[in-house]
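Structural overview for review
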There are 2 protein chains.
Amino acid sequence: MAEQANGGYSGKILRVNLSNKSTSVETTDNSFLRKYLGGAGFVTYFLWKELGQGTDPLGPDNKLIFALGPLTGIPLPGSGRNCIGAKSPLTEGIAKSEVGGFWGAELKRAGYDVVIVEGKAAKPVYLWIHDGEVGIKDAGHLWGKNIKETQQTIRTELGDNLLRVAAIGPAGENLVRYACIMNGLFDVAGRGGLGAVMGAKNLKAVAVRGHQAPPISNSQPVTELRKWMAANLHLVKDFCEYGTGAAMEAFEAAGNLPVRNFRDGVFPGIKKISAPTIKDTIRIGMDACFACTVRCKKVVQVKEPYFVDPAYGGPEYETLAALGSNCGIDNLEALAKGSELCNAYSLDTISAGEVIAFAMECFENGLLSVKDTDGIELRFGNEEAMLKLIELIARREGIGDLLAEGAARAARKIGKAAEEFAIQVKGLEAGMHDPRVKPGLGLGFMVNPQGADHCCNLHDTMYIGENWRVKELKHLGMPVPFSLEDIGPRKVALFKLVQQKLILLDSLVVCQFLPYSFEQLNDVVAAVTGWDTSITELMRIAERTLTMTRLFNLREGFTAADDKLPPRFFQPKTDGVLVDKPLDPAKLEHAKRYYYVLMGWDEGTGIPKPEKVAELDIP
Amino acid sequence: MAEQANGGYSGKILRVNLSNKSTSVETTDNSFLRKYLGGAGFVTYFLWKELGQGTDPLGPDNKLIFALGPLTGIPLPGSGRNCIGAKSPLTEGIAKSEVGGFWGAELKRAGYDVVIVEGKAAKPVYLWIHDGEVGIKDAGHLWGKNIKETQQTIRTELGDNLLRVAAIGPAGENLVRYACIMNGLFDVAGRGGLGAVMGAKNLKAVAVRGHQAPPISNSQPVTELRKWMAANLHLVKDFCEYGTGAAMEAFEAAGNLPVRNFRDGVFPGIKKISAPTIKDTIRIGMDACFACTVRCKKVVQVKEPYFVDPAYGGPEYETLAALGSNCGIDNLEALAKGSELCNAYSLDTISAGEVIAFAMECFENGLLSVKDTDGIELRFGNEEAMLKLIELIARREGIGDLLAEGAARAARKIGKAAEEFAIQVKGLEAGMHDPRVKPGLGLGFMVNPQGADHCCNLHDTMYIGENWRVKELKHLGMPVPFSLEDIGPRKVALFKLVQQKLILLDSLVVCQFLPYSFEQLNDVVAAVTGWDTSITELMRIAERTLTMTRLFNLREGFTAADDKLPPRFFQPKTDGVLVDKPLDPAKLEHAKRYYYVLMGWDEGTGIPKPEKVAELDIP
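So, here is what we can say about the structure in this document. (Residues numbered from 1 in each chain as written. Chains lettered and ligands numbered in written order. Predicted model: local features only at pLDDT ≥ 70, side-chain atom pairs only at ≥ 80, totals over all residues. Heavy atoms only, no water.)

A word on unusual backbone geometry
All names here are of chain A. Along the chain, E304 connects to P305 via a cis peptide bond; the corresponding omega equals 5°. Structurally, P305 can be placed in the loop between β14 (297-300) and α12 (317-324). Residue V509 follows L508 across a cis peptide bond; omega there is -15°. Within the secondary structure layout, V509 lies in the loop between α21 (489-508) and α22 (518-529). The backbone of S346 sits at a positive phi, close to 65°, despite the residue not being glycine. Relative to the assigned elements, S346 resides in the loop between α13 (332-345) and α14 (349-364). Owing to a relative accessible area of 0%, S346 belongs among the buried residues under this scheme. (Helix = DSSP H or I, 4+ residues; strand = E, 2+ residues; numbered from the N terminus. Buried < 20%, exposed > 50% of the residue type's maximum accessible area, 1.4 Å probe, protein only.)

A closer look at the side chain of N326(B)
As for its position among the elements, N326(B) is in the loop between α12 (317-324) and α13 (332-345). Those residues in contact with N326(B) that lie beyond four places of it in its chain are P258(B), V259(B), R260(B), N261(B), F262(B), A321(B), G353(B), E354(B), A357(B), F380(B) and M432(B). (Contact = heavy atoms within 4.5 Å.)

Observations regarding the packing of helix α19 (residues 439-447) of chain A against helix α24 (residues 585-599) of chain A
All names here are of chain A. Across the interface, α19 lies against α24 with an axial gap of 10 Å and an inter-helix angle of 60°. On the basis of their axis angle, the class for α19 and α24 is oblique. The chirality of how α19 crosses α24 is right-handed. Across the interface between the two elements, P439, G442, L443, M446 and V447 from α19 touch L588, A591, K592 and Y595 from α24. A per-class count over the contact of α19 with α24 returns seven nonpolar, one polar and one charged. (Axes fitted to C-alpha atoms, helices over the stretch in contact; angles between N-to-C directions. Parallel < 35°, antiparallel > 145°, perpendicular 65-115°, else oblique. Left-handed = near helix turned anticlockwise from the far one by under 90°. Nonpolar A, V, L, I, M, F, W, Y, C, P; charged D, E, K, R; others polar.)

Remarks on the pairing of strand β5 (residues 94-99) of chain A
Looking down a regular strand, the side chains alternate between one sheet face and the other. Residue and element names in this part refer to chain A. Of all six residues in β5, six are buried, a share of seventy percent or more. Of the two faces of β5, the one holding I94, K96 and E98 and the one holding A95, S97 and V99 are both buried throughout. Sheet topology note: the strand β4 (residues 82-87)/β5 ladder contains six bridges and is antiparallel. Residue pairing in the sheet places N82 in a bridge with V99 of β5. (Pairing = 2+ DSSP bridges.)

A word on a negative patch on the surface
On the surface, a cluster of negative charge is made up of E224(A), E519(A), D523(A), D532(A), E224(B), E519(B), D523(B) and D532(B). If you list the elements that add at least two residues to the negative patch, you get α22 of chain A together with α22 (518-529) of chain B. When you line up the elements, D532(A) lands in the loop between α22 and α23 (535-555). Look at D532(A) and you get partly exposed, because its relative accessible area is 31%. (Patch = residues over 30% accessible without salt bridge, like charges linked within 9 Å, V, L, I, M, F, W, Y side chains within 5 Å. Areas by Shrake-Rupley, 256 points an atom, 1.4 Å probe, with all protein chains shown as cover. Salt bridge = Lys/Arg side-chain N within 4 Å of Asp/Glu carboxyl O. Lys, Arg positive; Asp, Glu negative; His and termini not counted. Charge placed at Lys NZ, Arg CZ, Asp CG, Glu CD.)

Digging into the sheet that holds strand β2 (residues 22-26) of chain A
Strand pairing in a sheet takes place through backbone hydrogen bonds and is either antiparallel or parallel in direction. Residue and element names in this part refer to chain A. One open sheet holds the six strands; their spatial order is β2-β1-β6-β3-β4-β5, and the pairing between them is mixed. The sheet is open, and its two borders are formed by β2 and β5, each paired with just one other strand. Along the sheet, successive strands turn relative to each other by an average axial angle of 15°, direction set aside.

Comments concerning the interface of chain B and chain A
At the junction of the two partners, chain B supplies 30 residues and chain A supplies 30 residues. Here chain B meets chain A over a buried area of about 2600 Å², counting both sides, of which 56% is carbon and sulfur. Counting every contact that joins chain B to chain A gives two salt bridges. K609(A) serves as the salt-bridge partner of E603(B), at 2.8 Å between the closest nitrogen and oxygen. Those elements that provide at least two residues to the side of chain B that touches chain A are α20 (468-475), α21 (489-508), α23 (535-555), α24 (585-599) and α25 (610-615) of chain B. Among the elements that take part in the side of chain B that touches chain A, α23(B) stands out by supplying five residues, more than any other. Counted by class, the side of chain B that touches chain A contains 11 nonpolar, seven polar and 12 charged residues. (Buried area = accessible area lost by both parts, 1.4 Å probe.)

What to know about the environment of R555(A)
With respect to the helices and strands, the residue R555(A) is situated in helix α23. Expressed as a C-alpha distance, the spacing of R555(A) and N382(A), which sit 173 residues apart in the sequence, is 42 Å.

Quick word on the relation of the copies chain B and chain A
With an axial shift of 0.0 Å and an RMSD of 0.0 Å, the rotation relating chain B to chain A amounts to 180°. Both chain copies can therefore be described as sitting about a two-fold axis. Both copies contact each other with a shared surface, as 100% of the interface residues of chain B are interface residues in chain A too. (Least-squares fit on C-alpha atoms with pLDDT ≥ 70 in both.)

A short note on the state of the cysteines
In total, this model carries zero disulfides over all chains according to the counting rule given. No disulfide involves C342(A); its sulfur sits 7.8 Å from the nearest other cysteine sulfur, which is in C180(A). (Disulfide = S-S within 2.5 Å.)

Observations regarding helix α15 (residues 383-395) of chain B
All names here are of chain B. Compared with an ideal rise of 1.5 Å per residue, which puts 13 residues at 18 Å, α15 spans 19 Å between its outermost C-alpha atoms and is within 8% of the ideal. Those residues of α15 not exposed but buried are E383, A385, M386, L387, L389, I390, L392, I393 and A394. Contacts made by the buried residues of α15 are with α5 (170-173), α12, α13, α14 (349-364) and α16 (399-403). Capping the start of α15 is the job of one residue whose side-chain oxygen sits 3.1 Å from the backbone nitrogen of E384: N382. R396, located one to two residues past α15, shows a positive phi value of around 50°. (Expected span 1.5 Å × (residues − 1). Polar contact = N/O pair within 3.5 Å; in protein donor to acceptor, adjacent residues only side chain to side chain.)

Details of the pattern of salt bridges
All names here are of chain B. This model, assessed by the stated rule, comprises 86 salt bridges over all chains. The shortest N-O distance in the salt bridge between K612 and E543 comes to 3.0 Å. Placement of the pair is K612 in helix α25 and E543 in helix α23, with a sequence separation of 69 residues. Each of the two residues, K612 as well as E543, counts as buried.

As for the side chain of T150(A)
Here T150(A) shows up in helix α4 (residues 147-158). There is a polar contact of 2.6 Å between the side chain of T150(A) and the backbone oxygen of N146(A).

Regarding the sheet that holds strand β9 (residues 164-167) of chain B
Residue and element names in this part refer to chain B. Taken in spatial order, the six strands line up as β8-β7-β12-β9-β10-β11 in an open sheet, and their pairing is mixed. With one partner strand each, in any of the chains shown, β8 (133-138) and β11 (187-189) form the two edges of the open sheet. Taken over all neighbouring pairs, the strand axes of this sheet differ in orientation by 20° on average, direction set aside. Alignment of strand β10 (residues 181-183) against β11, held across three bridges, turns out to be antiparallel. Counterpart to M182 in the pairing with β11 is V188.

Right, here's the structure in full:
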């Protein structure tokens, strides 16, 4: 019967315990796969089911989970990604991040869909997973090395220049709470400090290699969608031409660009650091993830004074804003260097940039002084200070040790007055868009289980005007048009729908930038797995995962009070178009409550109703 | 653009005011059509928007609305139906009924999708709608005539033997609160007393004739679905072979069959009145609605003693149970006569049977006596009494005048002790299935805006075992299997989904018996209209209509307390498998509250949250 086939999706789990160096392989059945799907669904399930309450994120009981989905590794743009999750050392809630490149597709070819890393190695190790085999190898010689050195050394010693490496650099080793995990040299599982979890386990890297292309139950729909994407690249033409950051000048004009720790609005240097300028200046090429025709990854090269290595790719929009405008910096070469350093050290550029901006605002307000910074004039616009802080944070040296804790913890140590400069939700520093110009993003920042994730931006702004997303909305029966300012019930319903689609993408795991509709995704899932799926089934799966994520955070002590924005967003900007437009807290609170209603959570407490938990059959 | 086309769907409204004999034609735009769809959606919209609070159902301010949908009249089984609605004289809430036959398809060919009848004629009239023209014609000579005479007289005097007539008989004229409207001689808009509304307007009939087949934007999917239906008649083979009532013996065995006013369980005579027996005895053929290959309509003939006219068709399951087992009667010929009489007089057989059973139980308990009944021994099992009461009720003679008010009103007049014998919700007598054996039906009876409608049965029992409905459920991601006994959160979620599908069918307007999936319906809607619709859009439309229906009833003074079952269902049956299985009121109450939650209504009051009303953009 169709519902018992699982064509190209075996759902095989590799479990590795680093404490006792044991490994085991678990199989899953079709009902499990169809209930949790993959990626974010798997990560959430295992963390909910297997982690005890109050687990130390940096202790051996935390679990680091790498998860693929049913579409990983098939010949389709956007399918090369993987999801990684753990309890976050930054938020103490759930962390999950999706990351591109080739690692995910390679793990699929090695025969596994999930790798669960448990325990803690006595000494640094790395994993070597290849064609169903797994080894735990010494990584003493890799410890302290940056990402490029790590990858090259592993490739050399294993004698395979095509193996793929997910690794941490010094920031992960030093347990910087917002260290990331790098797939290759410029694909980043950025948010929530997953690199620190990896470092705490003494796990330097996971190298993978495989030769078994995933089976596909019915390849024709996959071929069709691939051809459709090739014929419709114009739908994502900005990504093709510029990568991320094409619209930064418009962002600044609209008030969406964070300037000096989200304090200001006007940033005259914006043109100097935008993606079109990068194309015309330091860009030497574009790169891509597995099977992707979009090729949105900038490659840049800078000679003196910064000597930026093209191997580390180039800065994404979030990096340009976080290290750039948000720190008051418009020196493009310095930003490229900052991006390279963060990648080399495995630092999340968003949190790093936001933490540095936070520190700069503290400094300018006298909450930090040159005594604290070892003489660094930590002022907005000081690119040398920014670059120096990246070094210090990655190594936890000097002021870097404090800032490595993240903005929220650092603020608590600096003192009450500093707290309003920490632009974060649940401890996660905010992505580089301003909810004052789009309150739907504000709702996303508030209720997103991982905190103020940059991915929340897709919840709102992409649904304005005429584009493929708006067309899909109409098709799904959502009322259009929406305005940016709207944060009423229809916008909340839109938000929930979009959030479900994003969770679905994170579970499949497919890139959120690709213009696939729910229907196209469903058709390909059905084609690969042989399941008779529908959009409503996929939406339901996403709803289950979202509610399970909520339950995880509640178990860790989060309450509805944690679904709140930092005070800055309720203040006007100092200049620019939002100078008299702070967010209205009552409107956001109202939207939050209605979101709870739509999710089947208690309107006041945000706790999923027992009936909803039972309905979704959450264990 | 696709979303502005409305291919085969003009949505033209004919408005007739009988008070001043004016008519007008209104056009609708695409956004209106796509928001309310048709049928039940239109009926609900116009009643919500145009009726004042507290309108007298039998006064001139009530409106009687005949509505078609986008699929009406296309060459596809199930497409010949229409919806009729008004404020109910039985429940004082919203009434709507769907009815088969040929009238709907014919009205479509005459150029209209909606007929709104307002006011009250000074003298009996009928409407003559033909190829865009409309006339208000004298019906003085038709008043008092039964349905067959009425249809024949109109056909003769208008000189067209192929025109279609929707009419009332004496029960409608005499304002029996559960009078129905007859399409032809055996297709019935049965529930809620729409025939009385028609009678109160002095409107005897609406005759229609047209020659313009509805345009179809893309005919291929319609052809494909028609062919699919022809090739898949086995999915509804019981309907093809027996019509309704094939499983009556199994119903009795399972406790689902109402016996003696839902009091008892065992009914040995069941085999004598079931559809297979009808096939082997009095059945002389099967008939069908417009374009339908299922042909589920029994035609029966009985000579002495009852002389049943085959022109009036044969008894459906609901009739066999309501006039039969529920009155303790197993004389098939008498039941066929009862069915004929109800059709001839325009009496809803379900309410009529349930009211008669109510009266029989009152009589057997001494609450009514032969003094009240003019000597009729009104005991269970007395088929002559049953037939006599149909006559008396239709003419409001003797005890019939009291019983013409419906069970709830009659009980209030007879006295407190009688009230527990009135098996009704919101005033509507219960359909012929027992919620004690399937509590999901109980939830349907409770929250259905029209009361304990027989159509609520589709909410539950059809989703057991392996059939096309269960297959669709799986496809839609609903957890299966369900058990009959289950009334937990998953069952409530199933209920809501199924309720939405039924409302969708009632809006399209398509027969609920046909095995079309959401996807097939969506494809055909898109094909006919040229709209880029999706299942989620159609579900959303259904959700809007349901909430609008709720708002209508709330405006009329209904509260959550009206969403309650009669006491009988919380009592055990006297015998049979349910002898120790009454419903648990706490479980039903819990299910009701969770249903409110899923609908976005207040959990306690059942009032739609203002945010939900805004989200659905209800005027």
